[in-house]
Number of protein chains: 2
Amino acid sequence: MALKKRNLSATEQILEALEERGYRSTAPRRTLAAAIGVQKRHFTAEGLRRQLPPTLGRATVYRTLKLLVEAGVLCRVMLEDGDLHYQLSHRGHHHHLLCVLCGSSQDLTGCDIEDLLAATSARHGFELSGHWLEVYGHCRDCIQNGRAAA
Amino acid sequence: MALKKRNLSATEQILEALEERGYRSTAPRRTLAAAIGVQKRHFTAEGLRRQLPPTLGRATVYRTLKLLVEAGVLCRVMLEDGDLHYQLSHRGHHHHLLCVLCGSSQDLTGCDIEDLLAATSARHGFELSGHWLEVYGHCRDCIQNGRAAA
DNA sequence: TCACTATTAGATACAAGGTATCAATAACAT
DNA sequence: ATGTTATTGATACCTTGTATCTAATAGTGA
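Here the structure is a predicted model, which means the values were calculated and not measured.

The rules we used
- Residues numbered from 1 in each chain as written.
- Chains lettered and ligands numbered in written order.
- Predicted model: local features only at pLDDT ≥ 70, side-chain atom pairs only at ≥ 80, totals over all residues.
- Heavy atoms only, no water.
- Salt bridge = Lys/Arg side-chain N within 4 Å of Asp/Glu carboxyl O.
- Helix = DSSP H or I, 4+ residues; strand = E, 2+ residues; numbered from the N terminus.
- Buried < 20%, exposed > 50% of the residue type's maximum accessible area, 1.4 Å probe, protein only.
- Least-squares fit on C-alpha atoms with pLDDT ≥ 70 in both.
- Contact = heavy atoms within 4.5 Å.
- Near = heavy atom within 4 Å.
- Polar contact = N/O pair within 3.5 Å; in protein donor to acceptor, adjacent residues only side chain to side chain.
- Nonpolar A, V, L, I, M, F, W, Y, C, P; charged D, E, K, R; others polar.
- Pairing = 2+ DSSP bridges.
- Arc of directions from axis to C-beta.
- Buried area = accessible area lost by both parts, 1.4 Å probe.
- Domains from an automatic or database assignment.

## With respect to the pattern of salt bridges
Residues and elements named next belong to chain A.
And step 1. Summed over the entire model, instances satisfying the criterion amount to four salt bridges over all chains.
And step 2. Between Arg 49 and Glu 46 there is a salt bridge, with its nearest N and O atoms 3.5 Å apart. Residue Arg 49 and its partner Glu 46 are located together in helix H3 (residues 45-50), separated by three residues, close to a single helical turn.
And step 3. Judged by its relative accessible area of 24%, Arg 49 falls in the partly exposed class.
And step 4. As a salt-bridge pair, Arg 58 and Glu 46 come within 3.2 Å of each other at their nearest N and O atoms. Highlighted residues: Arg 58 in helix H4 (residues 58-70) and Glu 46 in helix H3, separated in sequence by 12 residues.
And step 5. For Arg 58, a relative accessible area of 46% puts it in the partly exposed group.
And step 6. One network of salt bridges, with partners in common, ties together Glu 46, Arg 49 and Arg 58.

Put into structure tokens, the structure is as follows:
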């Protein structure tokens with residue numbers, strides 16, 4: 001559902017999501033929303049913090065990120081080296097194709113992973129409640145530009 | 001391949017894997033192997049450390065765990081809350097069904113996830129190099145014992 | 001058995017990422 | 001304008017993990 005209103009900028013959509021949930025509109029949150037709206041790739045909490053005025057407290061950054069994940073505006077992305085990143089979320093539940101060369105990511109669509117998992121789990125007497133999947137590889141751009149040769 | 005020799009205890013198999021790779025047999029490593037062999041569930045580095053004599057240095061624990069993962073004796077398991085756990089590894093590449101109620105885990109077998117992922121990725125012009133998948137839910141035991149009711 | 005050498009251990013310090021606490025401040029309904 | 005409540009940011013702290021370095025030890029070969 002999140003980020004469906006295409007006429008709004010990412011920054012505006014973040015602020016609106018907070019407002020909808022009854023959170024106050026404060027200067028730190030507006031600063032954060034603007035900074036997140038400007039990101040071209042997934043980012044870490046600390047990386048984002050480094051782009052913000054140092055007067056903006058560390059706790060505020062982490063608190064707000066957590067808030068935005070709960071609000072469905074951001075989603076967490078786990079990189080291969082275990083680093084936790086964030087990025088704007090486009091749909092409720094989905095997975096990412098993460099390019100390990102350029103850091104870009106696309107959503108994984110048209111995939112019946114969920115069904116396959118549920119069926120396979122059931123054969124083990126297992127009742128599925130959730131899962132975590134990240135897919136790493138080389139994106140089309142990197143392949144075409146020869147960056148994937150190595 | 002790891003842990004195929006069914007006549008050896010887990011502890012013995014860990015020690016043998018180290019020996020095969022040319023690592024020395026030392027008292028700390030024997031202590032660690034014994035402690036790991038006794039684990040009934042996946043465990044964290046720090047959790048394991050708390051079960052060891054405090055004279056056994058922190059660096060030694062982490063070094064040895066890394067060694068054992070590289071040797072294929074242990075594998076890493078990511079829990080839903082982001083905690084990194086370890087457990088004995090039974091096959092080269094596989095996934096886990098993790099019970100969020102009792103903490104047990106089983107290997108996910110008979111699953112063509114890899115093929116499905118490769119095919120789906122290819123439709124996005126994406127060349128798959130790796131992936132990370134963890135599946136969370138309720139195991140058969142917990143369902144039968146009513147622990148899953150809530 | 002002894003001595004030699006490379007590996008290993010553990011102490012220590014450090015670093016990154018994240019959380020708890022709490023007094024001071026700012027938002028917003030009235 | 002004011003009072004209540006959410007929010008902030010400073011600070012301290014915690015956890016997990018790594019780097020560094022000296023002392024100890026395993027396993028070689030004599």
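So that's the structure; there's more coming.
## Thoughts on the relation of the copies chain B and chain A
And step 1. Laying chain B over chain A is done by rotating through 178 degrees and shifting 0.0 Å along the axis; what remains is an RMSD of 0.3 Å. With respect to symmetry, the two chain copies, as superposed, fit the operation of a two-fold axis. The rotation axis passes nearest to the C-alpha of Leu 133 of chain B in chain B, at a distance of 2.2 Å.
And step 2. Comparing interface residues between copies, 100% of those in chain B also lie at the interface in chain A; the contact surface is shared.

## Section: the protein's contact with DNA strand D
And step 1. Lining the immediate environment of DNA strand D, one finds 21 residues, of which Thr 26, Arg 29, Thr 60 and Arg 63 of chain A together with Glu 46 of chain B sit closest.
And step 2. For DNA strand D, the fraction of atoms within 4 Å of the protein that belong to sugar or phosphate moieties is 63%.
And step 3. In the environment of DNA strand D, a phosphate oxygen lies 3.2 Å from a nitrogen or oxygen atom belonging to the side chain of Tyr 62 of chain B.
And step 4. Elements that contribute at least two residues to the surface near DNA strand D include exactly helix H2 (27-37) and H4 of chain A together with helix H3 (45-50) and helix H4 (58-70) of chain B.
And step 5. If one sorts the elements of the surface near DNA strand D by residue count, H4 of chain B sits on top with four residues.
And step 6. Its residues placed into classes, the surface near DNA strand D shows eight nonpolar, five polar and eight charged.

## Focus: the pairing of strand S1 (residues 74-78) of chain A
Residue and element names in this part refer to chain A.
And step 1. Of all the five residues making up S1, four are buried; the element is thus mostly covered by neighbouring parts of the structure.
And step 2. Here five bridges tie S1 to strand S2 (residues 84-88), and the two strands are oriented antiparallel to one another. Bridge pairing in S2 places Leu 74 opposite Leu 88.
And step 3. Counted between consecutive antiparallel strands, the loop separating S1 from S2 contains five residues, among which Gly 82 sits at a positive phi close to 90 degrees.

## Regarding the protein's contact with DNA strand C
And step 1. Neighbouring DNA strand C are 19 residues, the closest being Arg 58 and Tyr 62 of chain A together with Thr 26, Arg 29 and Arg 63 of chain B.
And step 2. At the protein interface, 66% of the atoms of DNA strand C within 4 Å belong to sugar or phosphate.
And step 3. Within the side chain of Arg 24 of chain A, one N or O atom sits 3.2 Å away from a base nitrogen of DNA strand C.
And step 4. Measuring from a phosphate oxygen of DNA strand C, one finds a side-chain N or O atom of Arg 29 of chain B at 3.1 Å.
And step 5. Counting only elements with at least two residues in the surface near DNA strand C, the list comes to H3 and H4 of chain A together with helix H2 (27-38) and H4 of chain B.
And step 6. Class assignment for the residues of the surface near DNA strand C results in seven nonpolar, five polar and seven charged.

## Thoughts on H2 of chain A
All names here are of chain A.
And step 1. Within H2 the residues assigned to the buried category are Leu 32, Ala 33, Ala 35 and Ile 36. The arc enclosing the buried residues of H2, seen along the axis, measures out at 165 degrees, which places them on a common side.
And step 2. On its buried face, H2 sits against helix H1 (10-20), H3, H4, S1 and S2.

## As for the interface of chain B and chain A
And step 1. At the interface, 35 residues of chain B touch 35 residues of chain A.
And step 2. Both sides together, the interface formed by chain B and chain A hides about 3100 Å², and carbon and sulfur atoms give 62% of it.
And step 3. Where chain B meets chain A, there are zero salt bridges.
And step 4. Our count for the contact surface shared by chain B and chain A stands at 11 residue pairs in polar contact (both at pLDDT 80 or more).
And step 5. Elements that contribute at least two residues to the side of chain B that touches chain A include exactly strand S3 (95-99), strand S4 (105-108), helix H5 (113-123), strand S5 (127-138) and helix H6 (140-144) of chain B.
And step 6. Pairing of strand S5 (residues 127-138) of chain A with S5 of chain B involves 11 bridges; the strand directions are antiparallel. Of the residues in S5 of chain B, the one forming a bridge with Gly 137 of chain A is Leu 128 of chain B.

## Focus: the domain arrangement of chain A
Quoted interface sizes are often the accessible area lost when the parts come together.
All names here are of chain A.
And step 1. Structurally, chain A comprises domain 1 (10-88) and domain 2 (95-144).
And step 2. On a C-alpha basis, the centres of domain 1 and domain 2 stand 24 Å from each other.
And step 3. Facing the nine residues of domain 1 at the interface are 11 residues of domain 2.
And step 4. Of the roughly 780 Å² buried between domain 1 and domain 2, counting both surfaces, carbon and sulfur atoms make up 55%.
And step 5. Considering only the side of domain 1, the residues that lose the most area to domain 2 are Arg 41, Met 78 and Glu 80, jointly responsible for 51% of the buried surface there.
And step 6. At the boundary of domain 1 with domain 2, the tally comes to zero salt bridges.

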